[in-house]
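Inside the fold
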Amino acid sequence: TERNQLVRKELANIKKSYVDKDGNIQTEIIEYDQRTKQFLSYNPRDIKAPQSVNGLELDPQQKKKYKEGETVLLTDGTAFQLSPSARKGLRSNKSG
C-alpha cells in the first residue's frame with residue numbers, strides 16, 4: 001500500500017486529491033516522518049515557493065513542482081525537494 005511505501009521510504013511523499021465540503025477539489029501532500037513516526041500533510045496552495053535557488057531563478061513549472069513536493073532540478077546540478085519532515089524543511093543533493 002502507499003502507506004507502507006512511505007514508511008519503508010520507497011516513496012518520498014504521495015499526492016492525494018479530494019472534494020471538500022464546498023465541492024472544491026483540494027490536494028494534500030502526505031509524507032512519513034521517520035523520527036516522530038507520524039504522517040505529515042500539507043496543502044500545496046499554502047506553500048510559498050522561492051523565487052530563486054543558488055542564484056538561479058525558478059520558472060513557474062519548477063515552483064509548482066516545489067510546492068507539490070516533487071524534486072526540482074536546476075541547471076547547476078542541484079536537486080531539491082520540499083519535505084516537512086526533513087530537518088531544514090527540504091531535501092537536497094547539496095549541503096549549504
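Residues numbered from 1 in each chain as written. Predicted model: local features only at pLDDT ≥ 70, side-chain atom pairs only at ≥ 80, totals over all residues. Heavy atoms only, no water.

Right, let's talk about helix H2 (residues 60-67) for a bit. If you check the start of H2, you find a side-chain oxygen 3.0 Å away from the backbone N of glutamine 61, and it comes from aspartate 59. Two residues or fewer after H2 comes glycine 69, characterised by a positive phi angle close to 75 degrees. (Polar contact = N/O pair within 3.5 Å; in protein donor to acceptor, adjacent residues only side chain to side chain. Helix = DSSP H or I, 4+ residues; strand = E, 2+ residues; numbered from the N terminus.)

Another point: the pattern of salt bridges. Counted according to the given criterion, the structure contains five salt bridges. The closest approach of N and O atoms between glutamate 10 and arginine 8, which form a salt bridge, is 2.8 Å. Residue glutamate 10 is classed as partly exposed on the basis of its relative accessible area, which comes to 45%. Notably, a salt bridge pairs arginine 91 with glutamate 31, separated by 3.8 Å at the nearest N-O pair. Here the residue arginine 91 occupies a position in strand E8 (residues 90-92), and glutamate 31 occupies one in strand E2 (residues 25-33), the gap between them amounting to 60 residues. Look at glutamate 31 and you get buried, because its relative accessible area is 1%. Through salt bridges that share partners, Lys15, Lys64 and Glu68 make up one connected network. (Salt bridge = Lys/Arg side-chain N within 4 Å of Asp/Glu carboxyl O. Buried < 20%, exposed > 50% of the residue type's maximum accessible area, 1.4 Å probe, protein only.)

A few words now on the nonpolar core. Buried together is how nonpolar side chains tend to be arranged in soluble globular proteins. Membership of the largest hydrophobic core is limited to ten residues, which are Ile29, Tyr42, Ala49, Val53, Leu58, Tyr66, Val72, Leu74, Phe80 and Leu82. The contacts of leucine 58, once residues within four sequence positions are left out, are Pro50, Gln51, Ser52, Val53, Lys63, Leu74 and Phe80. (Core = buried A, V, L, I, M, F, W, Y, C linked by side-chain atoms within 4.5 Å. Contact = heavy atoms within 4.5 Å.)

Attention shifts here to the sheet that holds E8. If you trace the three strands from one edge of the open sheet to the other, you get E6-E7-E8, paired in antiparallel fashion. The open sheet has two edge strands, strand E6 (72-73) and E8, and neither has a second partner. The pairing of strand E7 (residues 79-82) with E8 spans three bridges and is classified as antiparallel. Looking at the pairing, phenylalanine 80 lines up with serine 92 of E8. (Pairing = 2+ DSSP bridges.)

Another aspect to go through is the side chain of asparagine 43. Position of asparagine 43 among the secondary structure elements: in the loop between strand E3 (38-42) and strand E4 (52-53). Polar contacts involving the side chain of asparagine 43 include one to the main-chain amide nitrogen of arginine 45, which spans 2.8 Å. Sequence-distant contacts of asparagine 43, defined by excluding residues within four places in its chain, comprise Gln26, Thr27 and Glu28.

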